[in-house]
Amino acid sequence: MTAPAAQPSPFDPAYAGQDGVQAPAHHPGWQPAVPACRLCGAQPAAAVAVRAHQGLLLMMRFHKIDGPFCRSCGTAVVRELTTKTLWQGWWSPFSLVFFSPFTLVWNLLASRKLAALPAPGPPALGAARVQEGKPVHRRPMAYVAIVPLIWAVWFITGMITHA
Ligand SMILES: [Zn+2]
């Protein structure tokens, strides 16, 4: 497996706010009556949180980004964090059997809530909308998830045939 390109992601906490992608909701005194997207300021937005999970041997990392998000930005965040979980989420025992499946189901429910929203209005003045990007099934890194799946099938088959 080749290492993925170390590209800064707009969803990494270290990257947030570095390039003026500051959410309009953070402007002092600006408080919308109806929830607006925290990334682009558009409405309508749904109050959902999106999660990512990383597991590596005994180390586990939980990452959660709270909304509200509009349909476009929310879809972008779901795709990014779901793909991350699909290739980084399997490499510790608890992650494999519990945390990553939970994270994927959580994001699936969040994406269904977002998909139910109408298309967002224009972004707030000065805010940039995050590109939705490719769907998860067209991101090669998502297919790393096949490795633990094959391992699980091999493990269970071994248990049955050696019993
Ligand atoms: Zn948005």
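About the criteria used
- Residues numbered from 1 in each chain as written.
- Predicted model: local features only at pLDDT ≥ 70, side-chain atom pairs only at ≥ 80, totals over all residues.
- Heavy atoms only, no water.
- Axes fitted to C-alpha atoms, helices over the stretch in contact; angles between N-to-C directions.
- Helix = DSSP H or I, 4+ residues; strand = E, 2+ residues; numbered from the N terminus.
- Parallel < 35°, antiparallel > 145°, perpendicular 65-115°, else oblique.
- Left-handed = near helix turned anticlockwise from the far one by under 90°.
- Contact = heavy atoms within 4.5 Å.
- Nonpolar A, V, L, I, M, F, W, Y, C, P; charged D, E, K, R; others polar.
- Core = buried A, V, L, I, M, F, W, Y, C linked by side-chain atoms within 4.5 Å.
- Buried < 20%, exposed > 50% of the residue type's maximum accessible area, 1.4 Å probe, protein only.
- Phe/Tyr/Trp six-rings, centres within 6.5 Å; stacked < 30°, edge-to-face > 60°.
- Lys NZ or Arg CZ within 6 Å of the ring centre and 35° of its normal.

Enquirer: I tried to follow the packing of helix α1 (residues 71–88) against helix α2 (residues 93–115) on my own but got confused; where do I start?
Expert: If you want to describe how two helices pack, look at the angle between their axes and the distance between the axes. Relative to each other, α1 and α2 sit at 165°, their axes nearing to 10 Å. When the axes of α1 and α2 are compared, the pair comes out roughly antiparallel. Crossing of α1 over α2 shows left-handed handedness. Listed contacts from α2 to Arg71, Gly74, Thr75, Val78, Leu81, Thr82, Thr85 and Leu86 of α1 are Ser100, Thr103, Leu104, Asn107, Ser111, Leu114 and Ala115. Its residues assigned to classes, the contact of α1 with α2 comprises six nonpolar, eight polar and one charged.

Enquirer: Honestly, the nonpolar core in this entry has me stumped. Any pointers?
Expert: Nonpolar side chains in soluble globular proteins tend to be buried together. Within the largest apolar cluster, 21 residues are counted, with the highest numbers of intra-cluster contacts made by Cys37, Leu39, Phe69, Cys73, Val77 and Leu114. Mapped onto this core, the elements with two or more residues apiece are β1 (49–56), α1 and α2. Examining the composition of this core, we find that five residues originate from one element, α1, more than from any other.

Enquirer: Would you mind showing me how to read unusual backbone geometry here?
Expert: Glycine aside, the phi torsion of most residues is negative, and most peptide linkages are trans. For the bond running from Gln43 to Pro44, omega is 0°, close enough to zero to count as cis. Here Pro44 lies in the segment before β1. Cis geometry marks the peptide bond from Gly67 to Pro68; its omega dihedral reads 5°. The residue Pro68 is located in the loop between β2 (59–66) and α1 in this model. Positive phi, normally seen in glycine, also occurs at Leu57, with a value near 55°.

Enquirer: Can you walk me through the packing of aromatic side chains in this structure?
Expert: The tally for this structure, following the rule as stated, stands at five aromatic pairs. Measuring from ring centre to ring centre gives 6.4 Å for Phe98 and Phe102, while their planes differ by 15°; the resulting arrangement is stacked. Separated by four residues within a single helix, Phe98 and Phe102 lie in helix α2, roughly one turn from each other. Owing to a relative accessible area of 37%, Phe102 belongs among the partly exposed residues under this scheme. Geometrically, the ring pair formed by Phe102 and Trp106 is tilted, given 5.9 Å between the ring centres and 45° between the ring planes. Taken together, the positions of Phe102 and Trp106, both in helix α2 and four residues apart, correspond to about one turn of that helix. Among the aromatic residues, those joined into a cluster by ring pairs are Phe62, Phe98, Phe99, Phe102 and Trp106. One residue, Arg51, lies across the ring of Trp106, its end atom 4.1 Å from the ring centre.

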